[in-house]
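# Descriptive analysis of the structure
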Amino acid sequence: MLRATLRSLLARKLRLVLSGLAVVLGVMFVAGAFVTTDTLGRTFDKLFAEGYSQLDVAVSAKPQVAVSEMEGEQVATPLPASVVDRVARVPGVAEATGVVSDDGARVIGSDGKVVTSYGPPRIGMNWVGTDDLMQLREGRGPQRDDEIAVNQAVAEAAGIHVGDRVGVLTQLPKQTFTLVGIWGYTEGRDSIGGVQEVAFTEPVAQRSMLGRTGVFTQVTVRAADGEDSAAVRDRVAAALGAGYEVKTGEQLAEESSAQFKEALGFFNNILLGFAGVALFVGTFLILNTFSIIVAQRTRELALMRALGAGRRQVITSVLVEALAIGLIAAVLGLGAGIGVGALLVTLFGSLGGGLDPAPVGVPLAAVLSSLIVGVVVTVVAAVLPAMRASRISPIAAMQDVATPDRPLTRITVTGTVITAVGATTLGIGLYGTSSLWLILTGVLISFVGVALLTPLIAKPVVAGLGRLFSWSVPGRLGRLNSGRNPRRTAITAAALMVGIGLVTGVTVVIDSAKQSIAAQAESTVKAEIVIGGDQNGPRPPVFDTAVLGRAAEVPGVRAVAGVWNEQVLLDGDRAYVNATDNLAKLAEAYGSPALPALRADQMAVSTQEAAEHGWTTGSVVRVQMPRGGEHRYTIAATYDEDRMPGSVMLPLAATREFGLTQPVLGFVRLAEGATVAQVLPQVKQLVADSPEVTATDRSSYIDQQVGSFDTVILMVQVLLGLAILIAVLGVVNTLALSVLERTRELGLLRAVGLGRAQTMRMVTVEAVVISVFGALLGVVVGAGLGAAVVQALDGEGITELALPWTQMGLYLGLAAVVGVLAAVLPSIKAARLNVLAAIAQYE
């Protein structure tokens with residue numbers, strides 16, 4: 001029986017390739033995710049180990065507001081200069097150095113634009129000299145307050161050279177310096193991990209990065225010869241007492257790498273999620289393939305039964321074939337995944353500003369997951385066809401190959417029950433627990449249920465779609481062929497339904513969010529001009545506070561107000577807050593009902609935030625700043641959260657202890673009779689020294705706020721494109737096997753006058769009808785799921801339901817094109833059949 005199975009497998013190589021390709025693509029994603037995260041993890045292990053290699057011990061203040069890597073950027077708490085002297089007096093310390101090192105130093109290049117960063121920080125630091133890792137390549141370190149040095153990566157990206165006058169943006173307004181030095185690192189590296197670095201003199205670094213002199217972000221310690229770093233660390237910690245974090249260089253390297261790997265794990269889960277979708281779609285392809293194969297091998301399997309093969313042997317035969325396909329596909333998928341992982345690492349390195357990746361490795365998790373996933377998915381998908389094969393009666397060996405179509409009652413009832421379970425699970429997740437896993441489980445079960453119900457509607461829907469092509473004989477034949485086996489058509493279409501359904505559902509939710517945000521902003525933001533910029537790094541762009549005052553003096557301006565934001569602790573709980581220079585002016589500029597100006601010890605909160613915490617007007621709230629102490633603010637006013645930016649508003653004085661001490665947004669409301677065309681050019685001139693920031697009209701600002709949603713949709717479309725590609729392979733596979741199954745029928749059609757071109761058109765119509773049917777199902781199911789999610793998010797601010805009619809129409813059009821492409825090889829094969837050999841095949 002085993003020999004017969006292997007001969008059957010080798011005799012149908014095309015079936016092996018098409019069935020295995022779906023698994024190969026899915027496994028490729030799984031292996032690629034593990035290879036990428038493993039390689040990047042080792043890359044950053046090495047990166048942080050090198051970065052802290054010259055450091056024995058480091059001292060920093062405990063953060064006032066702790067923020068994880070996934071929640072934002074940690075704001076460093078400044079250390080007073082006196083700490084340096086205290087550390088230097090500890091036994092075993094050879095040298096203690098005060099260091100300023102903080103993100104937010106943005107160099108303006110020779111083209112007048114800010115050098116961007118897509119991940120690595122832009123560090124502003126004080127010059128403390130070179131060491132064994134850091135080497136000067138040109139010039140010297142800064143000695144005067146109007147001088148800077150930069151690393152080679154910044155110099156090349158900005159197009160600047162020693163002797164140039166260079167603009168730099170920091171916590172202060174734009175400053176211009178003379179570039180006096182450029183440094184690099186050992187092994188010819190221009191930076192460590194793509195980090196952009198600008199070195200100032202100590203007082204300039206303190207003022208520019210921390211807002212005041214006499215403070216540092218860190219004290220670095222060089223241990224005396226023969227001293228153990230851990231022992232020195234313990235002595236320093238004991239000398240300083242509570243309120244400080246004292247760690248060795250090895251500890252800092254391990255902790256920094258662990259924080260990065262936490263963020264990398266999130267990326268890995270996203271890739272595995274899309275791999276799961278691809279494998280789910282691939283299951284439909286494999287199930288359909290084995291179902292067709294079993295139907296084609298009815299006489300062969302019946303003959304085996306007649307010769308003594310038991311049901312268990314028949315099941316084993318089919319499952320062994322599936323096991324072989326799954327094992328081969330898993331190995332090939334692993335190889336492809338290694339290539340994809342290497343490509344992603346290279347891409348990450350280029351986007352990371354010259355990151356030097358570690359050699360690509362293949363972790364054990366990648367090998368085991370590839371083999372397990374590949375084999376399990378294939379074998380599980382083949383179970384139902386194997387069971388069906390075992391029920392073939394030996395008497396079928398004396399009958400024709402064709403198998404009768406079975407009633408749809410059982411599968412319809414099963415599909416109805418599963419769909420109801422999926423809808424219930426999804427409803428509980430959306431309206432009850434708000435559990436992401438329940439929502440995803442509900443979506444998955446719903447797709448399975450709809451797939452089982454698809455045969456019930458396949459015949460009438462396919463017949464309706466096919467009438468569009470019934471103006472010719474090949475068209476009518478293609479329509480009839482696509483509807484002759486509802487189960488086969490349904491499974492093929494269901495694979496395409498899943499991919500397009502997910503894309504459509506995500507698009508509905510995101511477009512609804514875009515439209516809701518735009519509608520809310522349009523109705524609440526009355527300021528005709530907004531000052532702000534696009535965030536392309538870990539921190540938003542800021543501008544000089546003085547711009548707000550100068551904008552208020554522009555003729556035609558009625559009110560101007562700025563907005564700052566930061567993470568603080570409100571009564572011990574971390575929260576995002578805003579601050580403004582004038583709450584009354586902000587309410588006027590934003591279009592909110594009148595609010596009073598805040599004193600330095602007052603705050604305003606939304607009515608929703610007040611209700612959540614049990615606050616009222618006059619309540620005192622404890623607020624811990626990231627770069628200062630704890631303050632107590634009295635609630636002076638409340639407002640509707642939908643009519644003002646944010647739910648907590650602090651006074652201008654609070655911004656002195658923010659991580660960003662300059663405003664991120666400015667709202668300008670015009671006086672009666674003034675026009676945007678008159679005022680906007682003058683406001684734009686005020687921010688000319690801040691290339692990251694511009695002034696725009698309200699509609700452009702709203703478009704800017706929702707523009708990032710389009711990027712999310714594009715990413716989802718690209719990642720789900722793999723699942724759609726697998727579905728297309730399913731159409732090709734079904735047609736190819738269908739042509740093989742109908743060899744004699746095609747021969748008879750050719751014999752009675754159907755030409756080769758007509759045969760190709762017939763197969764093409766069949767493919768187009770199946771593809772459009774699958775896309776139509778996907779659009780309908782996806783729109784329904786998306787609408788359900790939008791309805792559930794009504795209380796979260798998504799109040800508008802937006803159906804992407806253009807995209808849905810595009811998906812249907814692309815499905816027709818996909819059908820044409822999928823039919824190319826099967827139609828050519830059908831057209832090239834030898835008529836006499838085809839007719840005589842079963843004689």
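Residues numbered from 1 in each chain as written. Predicted model: local features only at pLDDT ≥ 70, side-chain atom pairs only at ≥ 80, totals over all residues. Heavy atoms only, no water.

### A short note on the overall build of the protein chain
Worth spelling out the cut-off: Think of it this way: any DSSP run of H or I at least four residues long counts as a helix, any run of E at least two long counts as a strand, and we number them from the N terminus. Each residue is assigned to one of three classes by its accessible area relative to the maximum for its type, calculated with a 1.4 Å probe on protein chains only: buried under 20%, partly exposed between the two thresholds, exposed over 50%. When checking whether two residues touch, look at their non-hydrogen atoms; a contact exists if any pair is within 4.5 Å. Every accessible area reported is derived by Shrake-Rupley at a probe size of 1.4 Å, with residue values counting cover from the shown protein chains alone. For the charge count, each Lys or Arg is scored as positive and each Asp or Glu as negative, with His and the chain ends excluded. Where a charge lies is defined by one atom per residue type, namely NZ (Lys), CZ (Arg), CG (Asp) and CD (Glu).
When you go through the protein chain residue by residue, the secondary structure sums to 24 helices and 23 strands. Principal-axis analysis of the C-alpha atoms places the extent of the protein chain at approximately 100 × 75 × 50 Å. For the protein chain, buried positions account for 51% of its 843 residues. Pairs at least 24 residues apart make up 81% of the contacts formed inside the protein chain by residues separated by at least 6 positions. Here the protein chain displays about 36400 Å² of accessible surface, and carbon together with sulfur accounts for 60% of that area. Charged side chains of the protein chain number 65 positive and 70 negative; the gap between the two group centres comes to 17 Å.

### Here's the deal with the side chain of Gln196
Within the fold, Gln196 resides in strand 11 (residues 196-200). Excluding residues that lie within four positions of it along the chain, Gln196 makes contacts with Val115, Thr116, Ser117, Pro121, Arg122, Ile123, Asn151 and Val154.

### Examining the sheet that holds strand 13 (residues 218-223)
Rules: One requirement defines pairing of two strands: DSSP has to find at least two bridges between them. Interaxial angle, 0 to 180 degrees, is taken between N-to-C directions of lines fitted to C-alpha atoms, where a helix line uses only the stretch in contact.
Pairing in this open sheet of 4 strands is antiparallel, and the strands run 3-13-1-14 from one edge to the other. Strands at the two margins of the open sheet, each flanked by one partner only, are strand 3 (93-99) and strand 14 (244-248). Strand-to-strand twist of the sheet, defined as the mean angle between neighbouring strand axes without regard to direction, takes the value 20°. Across 5 bridges, strand 1 (residues 57-61) lies against strand 14 in antiparallel orientation. Within strand 14, the residue paired with Ser60 across the bridge is Glu245. Against the sheet, helix 6 (residues 229-240) contacts strand 1, strand 3, strand 13 and strand 14, and its axis sits at roughly 170° relative to strand 14.

### Some words on the pairing of strand 18 (residues 602-606)
Successive side chains on a regular strand alternate, one facing one side of the sheet and the next facing the other. Most of strand 18 is tucked away: 5 of the 5 residues are buried. Residues of strand 18 alternate between two faces, with Gln602, Ala604 and Ser606 on one and Met603 and Val605 on the opposite face, all of them buried. Relative to strand 20 (residues 630-639), strand 18 runs parallel, the two being bridged by 5 bridges. Across the sheet, Met603 pairs through a bridge with Ile635, a residue of strand 20.

### A word on the nonpolar core
For clarity, the cut-off: Working definition of a nonpolar core: buried Ala, Val, Leu, Ile, Met, Phe, Trp, Tyr and Cys residues. They are joined through side-chain atoms within 4.5 Å.
Ranked by size, the top nonpolar core spans 77 residues in total, and within it Phe284, Phe447, Met497 and Val498 carry the most contacts. If you look at the next biggest cluster of nonpolar residues, it comprises 41 residues, including Leu79, Ile160, Ala205 and Phe216.

### Some thoughts on the packing of aromatic side chains
Selection criterion: In this scheme Phe, Tyr and Trp rings, the latter by its six-membered ring, pair at centre separations within 6.5 Å, and the angle between planes marks the pair as stacked below 30 degrees, edge-to-face above 60, and tilted otherwise.
A complete count under the given rule lists 5 aromatic pairs for this structure. Here Tyr590 and Phe667 contribute two aromatic rings whose centre-to-centre distance is 5.1 Å and whose plane-to-plane angle is 85°, an arrangement assigned as edge-to-face. Residue Tyr590 is found in helix 16 (residues 583-590), and its partner Phe667 is found in strand 22 (residues 665-670); the two are separated by 77 residues along the sequence. Take Tyr590: its relative accessible area is 10%, and that puts it in the buried class. For Phe667, a relative accessible area of 1% puts it in the buried group. Each residue in the set Tyr590, Phe667 and Tyr701 is aromatic and connected to the rest through ring pairs, giving one cluster.

### Comments concerning unusual backbone geometry
Phi angles above zero are rare outside glycine, and Glu187 is one such case at about 65°. As for its placement among the helices and strands, Glu187 is situated in the loop between strand 10 (175-185) and strand 11. For Asp571, which is not glycine, the phi dihedral falls at a positive 50°. By secondary structure assignment, the location of Asp571 is in the loop between strand 16 (557-570) and strand 17 (573-580).

### Remarks on the side chain of Arg106
Going by this rule: Here a polar contact is taken to be a pair of N or O atoms separated by no more than 3.5 Å, where protein atoms must pair a possible hydrogen donor with a possible acceptor and residues adjacent in sequence count only if both atoms sit in side chains.
Mapping Arg106 onto the fold places it in strand 5 (residues 106-108). Within the local environment of Arg106, its side chain forms a polar contact with the backbone oxygen of Gly104, the two atoms lying 2.7 Å apart. Ignoring anything within four residues of it in the chain, the contact list for Arg106 reads Val114, Arg122, Gly167, Val168, Leu169, Thr170, Val542 and Glu692.

### Focus on helix 23 (residues 824-831)
Using the following cut-off: Arc, as used here, means the arc of the directions from the helix axis to the C-beta atoms.
Pro826, Ser827, Ala830 and Ala831 are the residues of helix 23 that are buried. Looking straight down helix 23, one finds that the buried residues subtend no more than 135° of arc, so they occupy a single side.

### Some details on the packing of helix 20 (residues 743-751) against helix 21 (residues 756-792)
Using the following cut-off: By definition in this entry, angles of less than 35 degrees are roughly parallel, angles greater than 145 are roughly antiparallel, angles of 65 to 115 are roughly perpendicular, and the rest are oblique. When the near helix sits turned anticlockwise from the far one by under a right angle, the crossing is termed left-handed; a clockwise turn instead gives a right-handed crossing. Amino acid classes used here: Ala, Val, Leu, Ile, Met, Phe, Trp, Tyr, Cys and Pro are nonpolar; Asp, Glu, Lys and Arg are charged; the rest, including Gly, are polar.
Close contact between helix 20 and helix 21 brings their axes to 10 Å; oriented N to C, the two are set at 135°. Relative to helix 21, the element helix 20 is oriented oblique. Crossing handedness for the pair helix 20 and helix 21: right-handed. Facing helix 20, whose interface residues are Leu746, Leu749 and Arg750, helix 21 presents Arg756, Thr759 and Met762. Across the contact of helix 20 with helix 21, the residue classes break down as 3 nonpolar, 1 polar and 2 charged.

Remember, this is a structural readout, not a statement about activity or role.
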